[in-house]
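A look at the structure
The chain contents come next:
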Amino acid sequence: MWIKKIAVIGAGIMGGGIAQTAAQSGFDVLLADITGELAAKGFSRIRERLERRAAEGKISLKEKEEALSRIGISSRLDECRNADLIVEAVVEREDIKRDIFRKLDRLSKSETIFASNTSTISITRLAGATRRPERFIGMHFMNPAYVMRLVEVIRGLSTSEATTGIIKAVSMKMGKTPVVVQDSPGFVSNRVLMPMINEAVYCLQEGISSKEDIDTVMKLGANHPMGPLELADFIGLDTCLEILVILEEELGEKFRPCPLLRKMVASGRLGRKSGEGFYGYG
């Protein structure tokens, strides 16, 4: 495989998880964000996770050090120009993603493949910001990326068979199971998952049952590891709302976000990352 160096744009929860997974799989990684402080914070979280895994005996100290040695950090897009694959994992806003890819397109090698970790936005539209739509693809990791095995590989209108094959191979080298889907709002994962979460919020809003019992029904009745409200807290209620808004715009009112979800986001109750969502997190 000719993909040796991967640049990950965005050092947050998803970007850091993708960078960690790539480094543990033998790729050289550059983790970039808009400031050196954010990039360093992302690297620090990776170090903490790897140290914890080493302490638990899940990886060796040598494996930990080798993975960390493969990761560099940067606050400059131009330092990504020599990457063979660039994976974007920034905030779920189409204007920001398009601007990043427009700049990367001017800076990068002509053969570099661009991938977006978007969970909802059209890959075809994002590819339109570049001159390489045939080498543009979606690579949607699940959270946490260093644990979850699925990667949705999303083909835009012009994505080539060669690009799709390469990204499937990269995903498998990372220990993931790639599933190829066509470019459609929410792809498969969020088109199915978000209505379930939204309906769970409606059940809570309408007083049909308590949050604990709603989650218990889905954990015991559908064998889900987490109930939908607990999962929403884990994903981030703001992220859930952003995805539902896009789905509603693209696919109609059946995806309209529950008013209670909007109120919680407006009040700053975003889930685990803010310390409080449907549940409290100390």
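Note that the structure is a prediction, hence the values are computed from the model and not measured.

**Things to note about the pattern of salt bridges**
- In the structure shown here, the tally under the stated rule is 21 salt bridges.
- Among the salt bridges present, the one from E94 reaches R125, with a minimum N-O distance of 2.9 Å. A residue pair is termed long-range when its members are at least 10 positions apart, and E94 in helix 4 (residues 94-107) and R125 in helix 5 (residues 123-127) qualify at 31 residues.
- Residue classification places E94 among the partly exposed residues on the basis of a relative accessible area of 23%.
- Residue K273 pairs with D238 through a salt bridge whose shortest N-O separation is 2.8 Å. On the criterion of sequence distance, the pair formed by K273 in the segment after helix 11 (259-266) and D238 in helix 10 (residues 237-251) is long-range, its members being 35 residues apart.
- With a relative accessible area of 18%, D238 lands in the buried category.
- Among the charged side chains, a salt-bridge network with shared partners connects R76, D78 and E79.

**A short note on the domain arrangement of the protein chain**
- Structurally, the protein chain comprises domain 1 (5-182) and domain 2 (190-273).
- The gap between the C-alpha centroids of domain 1 and domain 2 is 27 Å.
- Contacts between the two partners involve eight residues from domain 1 and, on the opposite side, seven residues from domain 2.
- Roughly 640 Å² is buried in total at the junction of domain 1 and domain 2, and carbon and sulfur atoms are behind 57% of that figure.
- Looking at the side of domain 1 facing domain 2, the largest losses of area belong to E92, T120 and N143, adding up to 54% of the total buried there.

**Looking at the packing of aromatic side chains**
- Evaluated as defined, the whole model comprises three aromatic pairs.
- Between F114 and F136, the ring centres sit 6.4 Å apart and the planes meet at 80 degrees, which makes this aromatic pair edge-to-face. Linking F114 in strand 5 (residues 113-116) with F136 in strand 6 (residues 136-141), this pair joins segments that are 22 residues apart in sequence. Like F114, the residue F136 is buried in the burial classification.
- Stacked on the ring of F27, the Lys or Arg K173 has its end atom at 4.5 Å from the ring centre.

**Some words on the UniProt feature "domain: 3-hydroxyacyl-CoA dehydrogenase C-terminal" (unreviewed entry) in the protein chain**
- The positions that UniProt labels "domain: 3-hydroxyacyl-CoA dehydrogenase C-terminal" (unreviewed entry) are, in the present scheme, residues 186-281.
- What you have in residues 186-281 is 61% helix and 0% strand, and the ends, taken at the C-alpha atoms, are 28 Å apart.

**Observations regarding the pairing of strand 2 (residues 28-32)**
- Counting buried residues in strand 2 gives four out of five residues, a clear majority hidden from the surface.
- In terms of strand pairing, strand 1 (residues 5-9) meets strand 2 through five bridges, oriented parallel. What sits directly across from I6, in strand 2, is V29.
- Crossover handedness for the path strand 1 to helix 1 (residues 13-24) to strand 2: right-handed.
- Alignment of strand 2 against strand 3 (residues 71-74), held across four bridges, turns out to be parallel. Each bridged residue has a counterpart across the sheet, and for L30 the counterpart in strand 3 is G72.

**Points about the sheet that holds strand 5**
- Strand order in the open sheet made by the eight strands is 3-2-1-4-5-6-7-8, with mixed pairing throughout. Two strands lie at the open edges of the sheet, namely strand 3 and strand 8 (177-182), each paired on one side alone. Taken over all neighbouring pairs, the strand axes of this sheet differ in orientation by 25 degrees on average, direction set aside.
- Taken together, the six bridges between strand 7 (residues 150-155) and strand 8 define a ladder with parallel strand orientation. Note on strand 8: the bridge partner recorded for R155 is Q182.

**Looking at the packing of helix 9 (residues 228-235) against helix 10**
- Running from amino to carboxyl end, helix 9 crosses helix 10 at an angle of 95 degrees, the nearest separation of the two axes being 6 Å. Between helix 9 and helix 10, the angle is such that the two are roughly perpendicular. Within the contact between the two elements, helix 9 uses A232, D233 and I235 and helix 10 uses L237, T239 and C240.
- Among the residues forming the contact of helix 9 with helix 10, the class breakdown is four nonpolar, one polar and one charged.

What counts as what
Residues numbered from 1 in each chain as written. Predicted model: local features only at pLDDT ≥ 70, side-chain atom pairs only at ≥ 80, totals over all residues. Heavy atoms only, no water. Salt bridge = Lys/Arg side-chain N within 4 Å of Asp/Glu carboxyl O. Helix = DSSP H or I, 4+ residues; strand = E, 2+ residues; numbered from the N terminus. Buried < 20%, exposed > 50% of the residue type's maximum accessible area, 1.4 Å probe, protein only. Domains from an automatic or database assignment. Contact = heavy atoms within 4.5 Å. Buried area = accessible area lost by both parts, 1.4 Å probe. Phe/Tyr/Trp six-rings, centres within 6.5 Å; stacked < 30°, edge-to-face > 60°. Lys NZ or Arg CZ within 6 Å of the ring centre and 35° of its normal. UniProt positions renumbered as here; feature names shortened; annotations may be inferred. Pairing = 2+ DSSP bridges. Right-handed = clockwise from strand over helix to strand, strands pointing away. Axes fitted to C-alpha atoms, helices over the stretch in contact; angles between N-to-C directions. Parallel < 35°, antiparallel > 145°, perpendicular 65-115°, else oblique. Nonpolar A, V, L, I, M, F, W, Y, C, P; charged D, E, K, R; others polar.

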